[in-house]
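Listed below are the residues making up each chain.
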Amino acid sequence: MNPDGDIPAGGRRREAMQKRSPPVLFSKETLKQSEELTAEWEDGVRKSLSEAPDRRENCSTVSDLEIRRLYTPGDIERIDFAEDIGVPGRYPFLRGNQPTGYRGRYWTFRMFSGMGTAEDTNRRWHLLLKEGQTGLSTAFDYPTLMGHDSDSPKARGEVGKCGVAIDTLEDFLVLMRGIPMGKVSTSMTINPPASVLWAMYCAAAERQGVELSQISGTIQNDMLKEFIAQKTFMCPPEPSVRLISDTVEFGTKFVPRWNTISISGYHIREAGSTAVQELAFTLRDGIEYVEDVVRRKRLDVDEFAPRLSFFFNAHIDFFEEICKMRAARRMWARIMRDRFHAKNPRSWWMRFHTQTAGCSLTAQQPYNNVVRTTVEALSAVLGGTQSLHTNSLDEVLCLPSEHAVEIALRTQQILAEETGVANTLDPLAGSYFVEALTNEMEEKAWDYIGKIDGMGGMLAAIEKGFPQMEISDAAYRFQKQLDAADKVMVGVNKYVTEEKQEIPFLEIDETVEQGQVERLREVRRKRDGRTVSQSLRDLRGACGRGDNVMPYCIEAVKNLATLGEICDVYREVYGEYRDPGLY
């Protein structure tokens, strides 16, 4: 049941489909003809199998959904075209949010990038923009992700290694040097300290003379999936969600073009979930955030829902991924319309970014990764993504080299400009197989959502360890299948070669950390310590009173308070989270 006591949207859909009689998509004559032809075909199959068996007894997706030999009109006979499929730009948005799809504009080519210092990353950004990238995406180093300064003992050996090191507003100004912040949208993959990095972005925009109402972009800012899967932590779940609601409220009032949360299934999938689990847990996280903002901030759902965004993984099973993305749009439209009673059709939209699957890349025969990424990117495009990052062939081994990232960007550009896949909208719609698999994945996802609702919501489910254990079990099953060669990874458990393929490595020199620490010390030396201390006291008071923290964060970063100092206030007021280590 949802908070209003209604039947969840998925339950209503199942009931509606069960009551539909007669079938609404095909005539009785067509269904009869299909049954007769299928029976004849099955006779032929039996004869064929008696002479030569199938290469394997059962076929299934990467996520272990069984795939039948043939799909027919009978598999989708009870679909209502208008209610379940429709047209692009109209409810239920199965076929896309925009009525013109990619004929109006391509998806955003948004390559995830960050390394070393702010200057290093700024240089890579300018290269990518020069080569045709249309949006920026920021990878931060591990200390920044965890809310620690570069001179913290916990940062030692990690500064700049897996992303860019950002300690103060001065670093951020270097990061954005030469980037027109009123024209180029920027995504930031940051979670526990998302409010701090966004505050720096806002302050940097003001330094450029750009009003907050003009900047556009996204902060990931999704802590529920951190507790479930990715595991970058700072504060416990409840205050973490409260900080997220603060950013949603602030964005709704002052930064209307910003996506203040990217509800992320990507890391859930990277942790080993199935496609259905990624779909279900991501949407249930979204439900949790909407409920919290409505309850805590007293905002009408239509005030903030149009700026919610999502982030999905494009794994290697081509059709499964397309169906997952199509189902996600239809499910979210139903959730927002039926569960939260949103009136604005923009609130029903699911807008999402996609990244090809890092966990599908292999260190063995790394050039195979170009092929994997291409197939995954194509599934994202056919699934209707709004923006896309294509992994580089070397990402399983190191940060992407300039050569590798150029190939990855060119992969998107070739898909867009040469293949014709952007010429028509949702070209797989109506396929018996695609529509049947889309429906199956949706129904299984509704079952998960119903279970989590029954537990009291996602926060309660996380406390019980439910999504964590479901993912752990799925990852274990898949690994066993790989070990037994029931699932194949080319170059790993089949078509293995002894010869190693050498590729150039991008390595971050240890002098990066030394230089970053020296710059941080210089900022501490020159800033006004009293002003910084007062800013931090004001922030601490806001946390204690339950005020929105964003204005205080922005003031603190302008006064050159560091990322770690602000996050230490959060840790002091809200406490620190320790993972229970479920497995």
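Keep in mind the model is a prediction, meaning the values are calculated, not measured.

A. A look at the sheet that holds strand β5 (residues 186-189). Pairing within the open sheet is parallel, and its nine strands lie in the order β7-β6-β5-β4-β3-β11-β10-β9-β8. Unpaired on one side and paired on the other, β7 (258-259) and β8 (262-264) mark the two borders of the sheet. With three bridges connecting them, β8 and strand β9 (residues 309-314) associate as parallel partners. The residue of β9 that forms the bridge with isoleucine 263 is phenylalanine 310. Together, β3 (108-113), β4 (135-139) and β5 form the strand contacts of helix α4 (residues 118-130), whose direction differs from that of β3 by roughly 155°.

B. Examining α4 more closely. With 13 residues, α4 extends 18 Å from end C-alpha to end C-alpha; this agrees with the ideal 18 Å at 1.5 Å per step. Of all the positions in α4, only Ala118, Thr121, Asn122, Arg124, Trp125 and Leu128 are classed as buried. For α4, the angular spread of the buried residues around the axis is 160°, confining them to a single face. Structurally, α4 contributes buried residues whose contacts are with β3, β4, α6 (169-175), β5 and α16 (402-417).

C. Layout of the side chain of glutamine 220. For glutamine 220, the position within the fold is in the loop between β6 (217-219) and α8 (223-230). Looking at glutamine 220, the relative accessible area reads 3%, which means it is buried. Of the polar contacts made by the side chain of glutamine 220, one reaches the side chain of lysine 225; its length is 3.0 Å. When neighbours within four sequence positions are excluded, glutamine 220 is seen to be in contact with Met188, Thr189, Ile190, Asn191, Lys225, Glu226, Gln230, Ile261, Ser262, Ser264, His267 and Phe311.

D. Region of the structure containing the side chain of aspartate 302. Mapping aspartate 302 onto the fold places it in helix α12 (residues 301-304). Among the polar contacts made by the side chain of aspartate 302, one reaches the main-chain amide nitrogen of lysine 343 at a distance of 2.8 Å.

E. Fine view of the layout of surface pockets. In this structure, the second largest pocket occupies an estimated 1,400 Å³ of space. Along its surface, the second largest pocket is lined by 50 residues, and Thr61, Val62, Asp317, Phe478 and Lys487 are the ones closest to its centre. Elements represented by at least two residues in the lining of the second largest pocket include exactly β1 (59-60), α10 (266-270), α11 (275-297), α13 (318-339), α15 (368-382), α17 (432-455) and α19 (466-483). The element contributing the most residues to the lining of the second largest pocket is α19, with eight residues. Its residues assigned to classes, the lining of the second largest pocket shows 23 nonpolar, 14 polar and 13 charged.

F. Region of the structure containing the confidence of the model for the protein. The share of residues in the protein with pLDDT of 70 or more is 96%, and the mean pLDDT across the chain is 94. Here residues 3-7 is a poorly scored stretch, pLDDT under 50, and it has 10 contacts once near neighbours within four places are set aside; other chains count.

G. Summary view of α17. Here α17 is 24 residues long and its end C-alpha atoms lie 35 Å apart, about the 34 Å a rise of 1.5 Å per residue gives. Glycine 456 sits one or two residues past α17 and shows a positive phi near 105°.

H. Representation of the packing of helix α21 (residues 529-545) against helix α22 (residues 550-558) within the structure. Between α21 and α22, whose axes approach to 9 Å, the crossing angle comes to 165°. In terms of orientation, α21 and α22 fall into the roughly antiparallel class. Here α21 runs over α22; the crossing is left-handed. The segment α21 lies against α22, with Ser535, Asp538, Leu539, Ala542 and Arg545 engaging Tyr552, Cys553, Glu555 and Ala556. Its residues assigned to classes, the contact of α21 with α22 comprises five nonpolar, one polar and three charged.

I. Layout of the environment of methionine 458. Here methionine 458 lies in helix α18 (residues 458-464). Residue methionine 458 is classed as buried on the basis of its relative accessible area of 0%. Separated by 257 residues in the primary sequence, methionine 458 and tyrosine 201 have C-alpha atoms spaced 30 Å apart. Discounting residues that sit within four places of it in the chain, methionine 458 has contacts with Leu224, Ile228, Phe281, Arg284, Asp285, Glu288, Ile452 and Pro467.

J. Here's a closer look at the packing of aromatic side chains. Throughout the structure, instances matching the rule amount to 26 aromatic pairs. With a centroid separation of 5.6 Å and 75° between ring planes, the pair formed by tyrosine 91 and tryptophan 348 is classed as edge-to-face. With tyrosine 91 in the loop between α3 (81-85) and β3 and tryptophan 348 in helix α14 (residues 345-348), this residue pair connects regions lying 257 residues apart in the sequence. Among the aromatic residues, those joined into a ring-pair cluster are Phe172, Trp198, Tyr201, Phe250, Phe254 and Trp258.

Calculation rules
- Residues numbered from 1 in each chain as written.
- Predicted model: local features only at pLDDT ≥ 70, side-chain atom pairs only at ≥ 80, totals over all residues.
- Heavy atoms only, no water.
- Pairing = 2+ DSSP bridges.
- Helix = DSSP H or I, 4+ residues; strand = E, 2+ residues; numbered from the N terminus.
- Contact = heavy atoms within 4.5 Å.
- Axes fitted to C-alpha atoms, helices over the stretch in contact; angles between N-to-C directions.
- Expected span 1.5 Å × (residues − 1).
- Buried < 20%, exposed > 50% of the residue type's maximum accessible area, 1.4 Å probe, protein only.
- Arc of directions from axis to C-beta.
- Polar contact = N/O pair within 3.5 Å; in protein donor to acceptor, adjacent residues only side chain to side chain.
- 1 Å grid on protein atoms, 1.4 Å probe; cavity = no way out; pocket = protein on both sides within 12 Å on 5 of 7 lines; lining within 4 Å.
- Points joined across faces, edges and corners; volume = space filled by probe spheres on them.
- Nonpolar A, V, L, I, M, F, W, Y, C, P; charged D, E, K, R; others polar.
- pLDDT = per-residue confidence, 0-100.
- Parallel < 35°, antiparallel > 145°, perpendicular 65-115°, else oblique.
- Left-handed = near helix turned anticlockwise from the far one by under 90°.
- Phe/Tyr/Trp six-rings, centres within 6.5 Å; stacked < 30°, edge-to-face > 60°.

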